[in-house]
Each structure stands twice: as C-alpha cells, then as structure tokens.
Amino acid sequence: MNDHLSAPILSALADGELSADQLANASHHLSQCPLCTGDALYHSLLKSATAKAGQRYMPTPNLRARVALQIRELSIQNSQDIDSARPIARGSGFYGWAAAAALLLLSVGIALVQYGWNRSATASAQYAALATEACDQHIANLAGNSPPEVISSDRHTVKPWFQGKLPFSFNLPENLPSGTTLDGANLTYLHGRPTAQLLYSVGKHRASVYLQKRSDDKMANGHSTDHSGFHVLDFRSRDIDGIAVSDVDSPRLSDLVSLIARAQE
Amino acid sequence: MMLLPWKRTDTVSGSQTSPFEELVGPLFPSLYNVAFWLSRSSANAEDLVQETLLKALRGFNTFESGTNFKAWIFRILRNTYLTSQGGLAARRTVALEDELNANDESGTAQYPEGAIDHQTPELNLIQMGNQAALQAAMEKLPAPFLEVLLLCDVEEMRYKEIAIILEIPIGTVMSRIARARASIRQTLTTASEPSREIRR
C-alpha cells in the first residue's frame, strides 16, 4: 500500500487516457486505498471545474465580423488571382454593377457566416455546459453514495413517484438489456430545469439517465462524447430530451439509451 | 458563352460559405478563448486570432482534407503565439524542467509527497466551486502548463492531439498536465489557508 498512484496516473485516469493495463492496476489500487480514491475524485472534479473556469473569454461580434470580412476578402482576392490568369473581356459599363453586386453579396455572406457561427457556438457551448453539469451530478452521486430518493427496480413504482413533482411524464422500458437493472431515481435540476435522474446498474457500472421536458433549444440527437472519462450520450424524442452518463462501455450505454428513447414513442 | 464580369464575381463571392469558413466558424470562440488566456489581453488576443486565421487561410491548400482541422489550426495559433512578443517573453522566462524529466512519470520532482495537503480535500473542493479563485490559480500557471491544461480540459483534446499541437512527446503532455493540476491545487490550498504552512 506504500506505492500510491502518482500524480500523472491520477491525471490520466481523470482524462480517460490510461491503457487497459494501467486502468486495471489503478482500479485495483483504488479499491484498497481511500487516500488515492479521494485524490482520484479530486482530479476528476478539478478537471470539470477547470473546464468551466477556462471557458472565460468570448470574442465580440465586431471581431467576428471583421475577421469574417478579412477572410472573405482574401478568399475573393485569391480566386481573382486565379481568374486573372485567364483572358477576360471586361465591359467598362459593368464596373459599377459589378462593385455593387459584390458589395451586396459580401454583406449577405458576412451576415450568414456570423449567424452560422453564433448559432453553432451557442449550441455547442450549451451542450458542453449540460454535459458537464450531468457529469458533475453523476460523480457527486457516486461519491456521496447516498440512496436514491425512490429505491425500486420496478418501473411501476419509479414512474408514479414523479407524479406532481415534474411538469411532464415519461415512460420506462419494460425490458432492460441483460445485466442492467433499475436502481431507483432522484428528482433533480439540470440547467435550472426539473429533471428525472434515473439510476441504473450496468454490470458493476453505474449509469445516470436524465430526462427533461423537450426544450426549444436546438440539441443534437444521438450526440455521443467523452467527458472526464465518462461517456455522455443524448437523445431526443417528441416530448423528452434525455442525456445519459456512465463509465460503462459506449455500446452498452447506447443499448440502454435506445430502449429508453424507444419507450417514449 | 462568356460570363459577364459581375456574374463571374457572383460565383466567387456568393453567399455560400467556403470550406475554410465552415471549418473555422465553430472553432472561432475556442481560438479566441485560448488566445486570450495565453496573451492575457483582448487586444493581443484579437491580433493573435486574426493573424492565425489569415495564416491558416493562406496555407489552407496544405491542409489535408479529412484530417484533424482543429489540431491543425490550434498548432498555427500556438506557433503564432510563440513568435509574438508575449510568446517570446514566456519562452525566455519559463524553465521547462519537465522536459528534462519527460520520462519521469512519477510527477514528484516539483511537488514531492507531502507538498499537497491530503488532509483538506473539502477546503479544496470549496475553492473549486469558486470560479474566481480557480481562474486566478490558472492565471498563475506558466504558459507551457496553461496551454496544455486549456487544450486538455477546456478543448477536451486527447493527449495524442495535444502532443501534435505542441510538438512534444505524449509523456511530456502527461507530465505537464499533472504538474499544472498540482500547481493549481497548491495555489487553491494556499489561498484557502493563508496562514498554514505547506508541508515540505
């Protein structure tokens, strides 16, 4: 027990960068060493906190417009350099029209680029924040080791428990993948919105599936990402937005999520 | 049939965005954020991002379609930063002792066991909830540690991608990230207990 996990190993564990052998050794050590377990949790939380704190500076719309204009001008210049190699018959009467048309198209182009950038950046920042919050809650749940607010593997007990607690209803699948059990659920909040947190055991792994009333935000459907070593998978049905977090392998998490998504239809 | 000049202009400057603009658009906020952290001012960050994008556009024909555009453009950003006044100063003043120990993955050279107070995790956790304290701790990091942490935690890049961008071995990436986190932890611990001496 004298050989505690080194700082780089704990860091790589939080980043999901350990090889299978390293991960097995680290897991074995963590199962016996509370000191390193505390450190591992700290590294994981520090990573999440740094991710949030690091997203600090946003470019101004002016800068975006200016850079978009420069890029567009340079692109046009490059294209014209290529064109100028060819023989061109220019009618001098068209110069004014050409300049006006180019200016108009340039303005439209800049507006479209700026709109696209803003929309894409906002959606991506929103999704990253949601994934971070979902991961944080999942980790806190694991670390707290507190029992769920409703403890039951019976969907007919878990679903009715939310009556009057959530402004929406949802369905739970009748059959779960082999080795997967429903442990219970919590009422929680993600992004300040009431959310059902369904807790599952997938083998020895724990999974949290968060269900919210479908929002108007443009959210990716079936988006899969890794966050602090956890797999994060989202889905969207007609009325429900869902996001699942677990360290179980992606295909098994995906199986569970597919069943829950299908149950909403 | 010969096209009229303004019609030919249309084909060039139409409202359709170019492949370069489509690729760089979603990364613009990330590039600016990292540029600001590294250069420490909005004016320098704006210059850095503009120069990076113009360099990238000029060299876009050398980018291999289907490869990692994000790593490619962040590498240009980083090289542009290194040749800027601030980047040159950072390179001069920071001793990259971790490169001397690139193969030493124990991570104990700079922060020996006992330098980190294991007894006060709750204080550290409280500090982590304090974004201002965390950002202040990040600001204190030397550029080589800050950039590796931003790429790993904020940009969620893999060690392999970071190694390509920074042109360093993966072992050095691993070591720098661990040292950056240890340094933040130490700063947070010191900030939470100013009167308590850190054990050495």
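Starting from 1, residues in each chain are numbered consecutively following that chain's sequence as written. As a convention, the first chain written is A and the first ligand written is 1, with the rest following in written order. With pLDDT at 70 or above as the cut-off, local features in this predicted model cover only qualifying residues; side-chain atom pairs require 80 or more to be listed or tallied, and sums for whole chains, interfaces and linings still use all residues. Note that water and hydrogens are dropped before the side-chain values are worked out from all heavy atoms of the structure.

Soluble globular proteins tend to pack their nonpolar side chains together in the buried interior. The criterion is simple. A nonpolar core is a set of buried Ala, Val, Leu, Ile, Met, Phe, Trp, Tyr and Cys residues joined through side-chain atoms within 4.5 Å. Burial classes: relative accessible area under 20% of the type maximum marks a residue as buried, over 50% as exposed, and values in between as partly exposed (1.4 Å probe, protein chains only). Core analysis: the biggest nonpolar cluster contains 74 residues, and L53, I73, F74 and I184 of chain B have the highest contact counts within it. Only heavy atoms enter the contact rule, under which two residues are in contact if any of them lie within 4.5 Å. In this structure, I184 of chain B is in contact with L46 of chain A together with L134, A137, M138, L141 and L149 of chain B, ignoring residues within four places of it in sequence. In terms of nonpolar packing, the next biggest core, distinct from the first, is built from 26 residues, V158, F162, F168 and A185 of chain A among them.

A side chain of one charge can pair with a side chain of the opposite charge when the charged atoms of the two come close. All names here are of chain A. When a carboxyl oxygen of Asp or Glu is within 4 Å of a side-chain nitrogen of Lys or Arg, the pair counts as a salt bridge. Taken as a whole, this structure holds 18 salt bridges over all chains when the rule is applied. Of the charged contacts in the structure, one is a salt bridge between E174 and R155, with a shortest N-O distance of 3.9 Å. Of this pair, E174 sits in the loop between helix 6 (155-161) and strand 2 (180-190) while R155 sits in helix 6, and the two are 19 residues apart along the sequence. For E174, a relative accessible area of 62% gives the class exposed. Only DSSP runs of H or I covering at least 4 residues are called helices, and only runs of E covering at least 2 are called strands; the numbering of each starts at the N terminus.

Time to look at the pairing of strand 4 (residues 205-213) of chain A. All names here are of chain A. In this structure, strand 3 (residues 193-202) lies alongside strand 4, joined through 7 bridges in antiparallel fashion. Following the sheet pairing, Y200 is matched in strand 4 by A207. The turn joining strand 3 and strand 4, which pair antiparallel and follow one another in sequence, is formed by 2 residues; a positive phi near 65° is taken by G203. Of the pairings in the sheet, the one linking strand 4 to strand 7 (residues 240-246) comprises 7 bridges and is antiparallel in character. When the bridges of strand 7 are listed, S208 appears paired with V245. Paired strands are those between which DSSP finds at least two bridges.

With that settled, the discussion passes to the sheet that holds strand 2 of chain A. All names here are of chain A. Judged by pairing direction, the sheet is antiparallel, and its 7 strands sit side by side in the order 1-2-3-4-7-6-5 without closing on themselves. Of all strands in the sheet, those with a lone pairing partner are strand 1 (150-151) and strand 5 (224-227), marking the two edges. Axis geometry follows a simple rule: fit a line to the C-alpha atoms, using only the stretch in contact for helices, then measure angles between N-to-C directions, giving values from 0 to 180 degrees. Contacting strand 2, strand 3, strand 4, strand 6 (230-236) and strand 7, helix 7 (residues 250-263) runs over the sheet at an angle of about 25° to strand 6.

To continue, consider the packing of aromatic side chains. Working definition: rings of Phe, Tyr and Trp (its six-membered ring) pair if their centres are within 6.5 Å, and the pair is stacked with planes under 30 degrees apart, edge-to-face with planes over 60 apart, and tilted otherwise. Inspection of every chain in the model, using the stated rule, returns 14 aromatic pairs over all chains. On the numbers, 5.0 Å between centres and 85° between planes, the contact of W161 of chain A with F162 of chain A is edge-to-face. The class for W161 of chain A is partly exposed, based on a relative accessible area of 22%. Ring centres of F69 of chain B and W72 of chain B lie 5.6 Å apart, and the angle between their planes is 35°; on these two criteria the pair is classed as tilted. Highlighted residues: F69 of chain B and W72 of chain B, both in helix 5 (residues 69-82), separated by 3 residues, approximately one helical turn. The structure contains a cluster of three or more aromatic residues connected by ring pairs, namely F20, F60, F63, F69 and W72 of chain B. Here, over-ring charges are defined by two tests on the NZ atom of lysine or the CZ atom of arginine: distance to the ring centre within 6 Å, and angle to the ring normal within 35 degrees. Seen from the ring of W161 of chain A, K165 of chain A lies directly overhead, with NZ or CZ sitting 4.2 Å from the centre. Over the aromatic face of Y42 of chain A sits the side chain of R185 of chain B, whose NZ or CZ is 4.0 Å from the ring centroid.

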